[in-house]
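Now for the letters of each chain:
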Amino acid sequence: MSVKEQLFKECQLYVEKREQTIREIMSSNKKALLSETKSSAGDKHETGRAMLQLEMEKASQQIAVVQQMKEVLHRIKTSETSDVVRLGSLVHTDKGTYYLTISIGTVSVENETYFIISSSSPIGKLLLGKEVNDVIQFNGKQIKITQIA
């Protein structure tokens, strides 16, 4: 399995874990909402229900983000390469290696550190469309692209 395929697998695992966690929270909140019984302290009860409702809405928004991540991953073909940086590119620079997919942070594969970033992140936007030997400016540093896979 290539490094690119391993990084892609890491992205898929990240999305699956995140979705599972959110769904568990939603399930737990749903149970709590159903088990809430009206007590003599009516205001306290309403406040508790409102808080649970807010948590459910927040979880729903997070599920939408996870769905967007799945859609991005679905568009990536790990076997494809390009001379120009695009979604799914593994970009080697003199300052580090970036994989343009979804933002999950740093991942180590075969004792190398990779920055898995979104193409809509600040550095991702700068890298898009660039070619080998192009230089970008990021946080006051010059970053030279040495290879695109």
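Cut-offs used in this document
- Residues numbered from 1 in each chain as written.
- Predicted model: local features only at pLDDT ≥ 70, side-chain atom pairs only at ≥ 80, totals over all residues.
- Heavy atoms only, no water.
- Salt bridge = Lys/Arg side-chain N within 4 Å of Asp/Glu carboxyl O.
- Helix = DSSP H or I, 4+ residues; strand = E, 2+ residues; numbered from the N terminus.
- Buried < 20%, exposed > 50% of the residue type's maximum accessible area, 1.4 Å probe, protein only.
- Pairing = 2+ DSSP bridges.
- Axes fitted to C-alpha atoms, helices over the stretch in contact; angles between N-to-C directions.
- Expected span 1.5 Å × (residues − 1).
- Core = buried A, V, L, I, M, F, W, Y, C linked by side-chain atoms within 4.5 Å.
- Contact = heavy atoms within 4.5 Å.

Visitor: How should the pattern of salt bridges be read in this particular structure?
Guide: Note on pairing: side chains with opposite charge can pair once their charged atoms come close. Counted under the stated rule, the structure contains five salt bridges. Here Glu19 ties to Arg23 by a salt bridge, and the two come within 3.1 Å at their closest N and O atoms. Placement of the pair is Glu19 and Arg23 together in helix H1 (residues 3-35), with a separation of four residues, close to one helical turn. The partly exposed category is assigned to Arg23, whose relative accessible area is 43%. Glu55 is the salt-bridge partner of Lys58, the closest N and O atoms lying 3.8 Å from each other. Here Lys58 and its partner Glu55 are both found in helix H2 (residues 42-74), three residues apart, which amounts to about one turn of the helix. Among the residues examined, Lys58 registers a relative accessible area of 42% and is labelled partly exposed.

Visitor: Help me out: how do you make sense of the pairing of strand E4 (residues 112-118) in this one?
Guide: Summarising the sheet, strand E2 (residues 96-101) and E4 pair through five bridges and their orientation is parallel. Each residue of the ladder has a partner; that of Tyr99, found in E4, is Ile116. Connecting strand E3 (residues 105-109) to the antiparallel partner E4 that follows it, the hairpin turn spans two residues, and Glu110 within it adopts a positive phi of roughly 50°.

Visitor: Hey, could you run me through the sheet that holds strand E5 (residues 135-138) in this one?
Guide: Two orientations exist for strands paired in a sheet by backbone hydrogen bonds: parallel and antiparallel. Reading across from one edge, E3-E4-E2-E1-E6-E5 is the order of the six strands in this open sheet, with mixed pairing throughout. Looking at strand neighbours, the two that pair on one side only are E3 and E5, the edges of this open sheet. Adjacent strand axes in the sheet meet at a mean angle of 40° when their direction is disregarded.

Visitor: Honestly, H1 in this entry has me stumped. Any pointers?
Guide: It helps to recall that an α-helix has 3.6 residues per turn; residues three or four apart then point in one direction. An ideal rise of 1.5 Å per residue puts 48 Å on 33 residues; H1 measures up with 48 Å between its terminal C-alpha atoms. Listed in full, the buried residues belonging to H1 are Val3, Lys4, Leu7, Phe8, Cys11, Val15, Glu19, Ile22, Met26, Asn29 and Leu33.

Visitor: Can you help me understand the pairing of E2 in this one?
Guide: In summary, the side chains of a regular strand alternate between the two faces of the sheet. The element E2 is extensively covered by neighbouring structure, given that six of its six residues are classed as buried. Burial along E2 is two-sided: Gly96, Tyr98 and Leu100 and Thr97, Tyr99 and Thr101, pointing in opposite directions, are all buried. As paired strands, strand E1 (residues 90-93) and E2 are joined by four bridges and run antiparallel to one another. Paired with Leu90 across the two strands is Tyr99, which belongs to E2. From the end of E1 to the start of E2, which pair antiparallel, there are two residues.

Visitor: Help me understand the nonpolar core in this model?
Guide: A general trend in soluble globular proteins is that nonpolar side chains are found buried together. Counting residues in hydrophobic clusters, the biggest one holds 21 residues, and the most contacted among them are Leu7, Leu73, Tyr99 and Ile102. Residue assignment for this core shows that the elements contributing at least two residues are H1, H2, E3 and E4. Excluding anything up to four places from it in sequence, Leu7 contacts Leu90, Tyr99, Val107, Val109, Tyr114 and Ile116. Core analysis: the second largest hydrophobic core is formed by 11 residues, Val85, Leu100, Ile117 and Leu127 among them.

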